[in-house]
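# Notes for the structure review
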Amino acid sequence: MISKSEVKHLAELSRIELTDEEEERLAHDLGKILDHFAELKEVDTEKVSPLTGGALIMNALRDDSDSRGRIENDMAVEEFPDKAGGLLKVPPVFS
Amino acid sequence: MNVKDFTIKSFGEGFKAKEFSALEFAQELFKEIESGDKEIGAYLSLIKDGAFLEAGRADLLRAEGGELLPLTGVPLAIKDNMLIKGYPATASSRMLENYVAAYDATVITKLKNEHAVFLGKTNLDEFAMGSSTENSAFHTTKNPHDTSRVAGGSSGGSAAAVASGLAVAALGSDTGGSIRQPAALCGVVGMKPTYGTVSRLGLIAMASSLDQIGPFTKTVEDSKILFDAVRGMDIHDATSTNSHYKISKEEIKKLKIGIPKEYFVDGIDPAVVKGVEEAIQKLKKLGFSFKEVSLPNTKYALSVYYIIMPAEVSTNLARLDGIRYSRDVQDVKSLRDLYVKNRAHGFGPETRRRVLLGTFVLSSGYYDAYYSKAQKVRRLIQEDFDNAFNEVDVILSPVTPTPAFKVGEKTADPLSMYLSDIFTIPANLAGIPAISIPVKKYVVGSGELPIGFQLMGKNFHEEDLFGIGEMYEAE
C-alpha cells in the first residue's frame, strides 16, 4: 500500500511534476507492485552479504588522464540546449 | 539473390567470391526496408548515406586486396540506445528526441574497424524499459509472424528487423531479458553475454549492474561471429574484462544439461511447454545427457529485479534533467521548475513509474526492507546457479511463459507485463551468459508463432552455449 501523499513526496524527490490523475494511478500501480515484494520477507537473509554489483572484478584502475579527447567534449557542449562561451547555461536557481 | 535471406556467414562467402558488391547489397536491402518496414516498424531512423559510404569503403578494401574481416560490408541494425557518432540516439524517449550522439559506443568502434555497415537505429521500449516496445514514445514494433502481435521488448525493433530479413543481424541490450525475450517471440537467436564481456561505453544506461549488449542473428553460428566482434576489455568500462575460455567440439558433446524443476510451473502456455519439450528431445537424440537441478530462490527473482533495477534506473536517469541533452519546455521560472516540467514532459508513464519506484526503495526508512533485502536475495540466486553448475554445465529452460501476445493485451496491468520476463531475469541477476534459440526454423508468413528455448551457462562460458546451439541447428 502506498498513499497519494507518499506519491507526491516521491515525485518531488524525483523532480517530476505529476497531475492529480497521475498521482492516483501511480499510487494504485506502485501499491500493487510493492505488495508483490512482500514475498521477500519469507527469505532468511540474516547471514547473507548483499550482492552489490554485476562484475566479479575488483579495483579496476586506469590512468587519471584525459583519454577521451577534446573533440568529444566540444560535441557534448554543442548538444546543450542552452550555452554560452562553451559553458552550460541554466535559469536562475531562485526565482 | 534475395538480400533478406542472408546470414553473416553467407554474406561473407558471397562477398569474398565477388558474387555481389557491398554497395549493391545495401541498396537492395534499403529498398526492402523502405517497403517492408511500414508494416513492421522495426526502425526509428535510417542511416542511408552513411551505410552507402561504408559499403563503398568495404568494396574498395576488397578491390585493393585488403583483409576482409567477418563483418566487413555486413549490414547491421543497432538498437537506438547505443551511440553512433553524428546520428540520433533517442532511446525511444521524448527526452532525447533531438539528441545527436557525440561519440561512438565501443561496440560501434569495434564494428567500424571491421567496416560493418549500419542500416539504422531500431525501436525499443523507452530507455529499454518494457517487454513489447509499447513503451516507445514513437511507435510499436509489430511481430513479423503476426502483425497483430508484439515483437517483444525491449529490443523489439532489432528482433523484428532480423526476423523479417530487414537486417542481416543486429545489436540489442539485455537488462532482464530484453534480447532473449524478443528473439524468442520473433523466432531468431538472441544472446546475453556474461556481465562484463562487452563494453557498456556508449550504451545509454538503464540498470548498470545488469545491462549487457548482445547479438540478434538468424543462426547460432552468426551469434558467435557478432559476439566475438564486439567483446573484450575496454579501459572506459571498469566492469569489462577479457575472457579466454575455449572448448573443443569433442568436449561440447560431453556437456551435461540441467533442467531446473522450478521453471516448469503452472501458468506456462502449453505451446511453450511443447516447444521446449521438442528441443529437449532433439538434444537427447544428439547424445546430450540431462539432469534435474534445483534453483530454489529463482522464484524471488522477479521481486528482486523490480527493486534493484528501478533503484538503478532512478539514479541513472537523474542526469536527464532538461539541461544537458534537450529541453522541450522552455517557459520556466527557475531551475527547479525546469527540472520538474521537462522530466514530466520527457518521460513516458512506465519510465515515471520506475523512477518513482526506485526512489521509493532507496529512500531512508525503506532502504533496508527493500533495496538491501533484494541485494541479499540476489546473492542467494547467484549461489543457486553456482550450486547447480557444480552438477551440470548448462541449464535449459523456456525463454518466455507465452508466445507473442497481442498488441495492447498487457499494457493496462504493469505486473502482468513484468511477468513475461520471469525466465530471463535470473541470468541477469547472476551475471551469467544465456542464449535464446528458436525451437525450429520459423518462416515468416507461415502463420505459426515462434517458440524459443534458453540455455544458460557458467560465467564466461559462452562457447558452451554456442557449441550446443550449433549442433542443435545443424540437426
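Quick summary incoming for the structure in this document. Numbers given to residues run from 1 along each chain, matching the order in which its sequence is written. Whichever chain is written first becomes A and whichever ligand is written first becomes 1, with later ones labelled in order. Reporting in this predicted model follows two pLDDT cut-offs: at least 70 for local features of residues, and 80 or more for side-chain atom pairs to be given and counted; totals over whole chains, interfaces and linings ignore these cut-offs and use all residues.

The next thing to look at is the pairing of strand β7 (residues 189-192) of chain B. All names here are of chain B. With C-beta atoms placed from the backbone, a residue counts as buried when 20 or more other C-beta atoms lie within 10 Å of its own, as exposed when 12 or fewer do, and as partly exposed for counts between those limits. The helix count covers DSSP runs of H or I at least four residues long, the strand count covers runs of E at least two residues long, and both are numbered beginning at the N terminus. Here β7 shows two buried faces, one formed by Val189 and Met191 and the other by Gly190 and Lys192. Strands are labelled as partners when DSSP assigns at least two bridges between them. Summarising the sheet, β7 and strand β8 (residues 212-217) pair through two bridges and their orientation is antiparallel. The partner of Val189 across the bridge, within β8, is Thr217.

Attention now goes to the nonpolar core. Residues and elements named next belong to chain B. In this usage, the nonpolar core is the set of buried Ala, Val, Leu, Ile, Met, Phe, Trp, Tyr and Cys residues whose C-beta atoms join them within 7 Å. If you look at the biggest cluster of nonpolar residues, it comprises 163 residues, and the most contacted ones within it are Leu76 and Val117. Top contributing element to this core by residue count: helix α10 (residues 301-316), with 10 residues. Here, residue contact means that the backbone-derived C-beta atoms of the two residues sit within 7 Å. Among all residues touching Val117, those that are not within four sequence positions of it are Ala22, Ala26, Ala51, Glu54, Ala55, Ala58, Gly73, Val74, Pro75 and Leu76.

Another aspect to go through is the interface of chain A and chain B. Each partner contributes residues to the interface: chain A has 46 residues there, and chain B has 54 residues. The set of elements that each furnish at least two residues to the side of chain A that touches chain B consists of α1 (4-14), α2 (20-37) and α3 (70-78) of chain A. No other element matches the seven residues that α2 of chain A contributes to the side of chain A that touches chain B.

So, on to the packing of helix α7 (residues 220-230) of chain B against helix α16 (residues 462-474) of chain B. Residue and element names in this part refer to chain B. α16 packs onto α7 with a crossing angle of 150 degrees between their chain directions and a minimal axis gap of 8 Å. Compared by their axis directions, α7 and α16 come out roughly antiparallel. Counting all contacts with α7, which are made through Val220, Glu221, Ser223, Lys224 and Phe227, the residues of α16 involved are Glu462, Phe466, Gly469, Glu470 and Glu473. In this classification, the charged set is Asp, Glu, Lys and Arg, the nonpolar set is Ala, Val, Leu, Ile, Met, Phe, Trp, Tyr, Cys and Pro, and all remaining amino acids, among them Gly, are polar. Looking at the contact of α7 with α16, its residues break down into three nonpolar, two polar and five charged. Lines are fitted to the C-alpha atoms to define the axes, a helix being fitted only along its stretch in contact, and any angle between axes, read from their N-to-C directions, falls within 0 to 180 degrees. Reported orientations rely on four angle classes, namely roughly parallel under 35 degrees, roughly antiparallel over 145, roughly perpendicular from 65 to 115, and oblique for the rest.

Let's shift gears to the sheet that holds strand β10 (residues 289-293) of chain B. All names here are of chain B. Taken together, 11 strands build an open sheet; the order of strands is β1-β3-β2-β6-β8-β7-β12-β13-β11-β9-β10 and the sheet is mixed. Looking at strand neighbours, the two that pair on one side only are β1 (43-46) and β10, the edges of this open sheet. Each adjacent strand pair in this sheet contributes to an overall mean axis angle of 25 degrees, direction not counted. Note: β7 against strand β12 (residues 434-438), three bridges, orientation antiparallel. Within β12, the residue paired with Met191 across the bridge is Ile435. Lying over the sheet, α16 contacts β11 (394-398), β12 and β13 (452-457), oriented at roughly 145 degrees with respect to β13.

Residues in a regular strand project their side chains so that they alternate between the two faces of the sheet. All names here are of chain B. Among the six residues that make up β13, six are buried, leaving the element largely enclosed by the rest of the structure. Side chains of β13 alternate between two faces, with Gly452, Gln454 and Met456 and Phe453, Leu455 and Gly457 buried alike. Looking at chain direction, β11 and β13 are connected through five bridges and run antiparallel. Bridge pairing in β13 places Pro398 opposite Phe453. Bridge count for β12 against β13 is five bridges, and the pairing is antiparallel. Paired with Ile437 across the two strands is Phe453, which belongs to β13.

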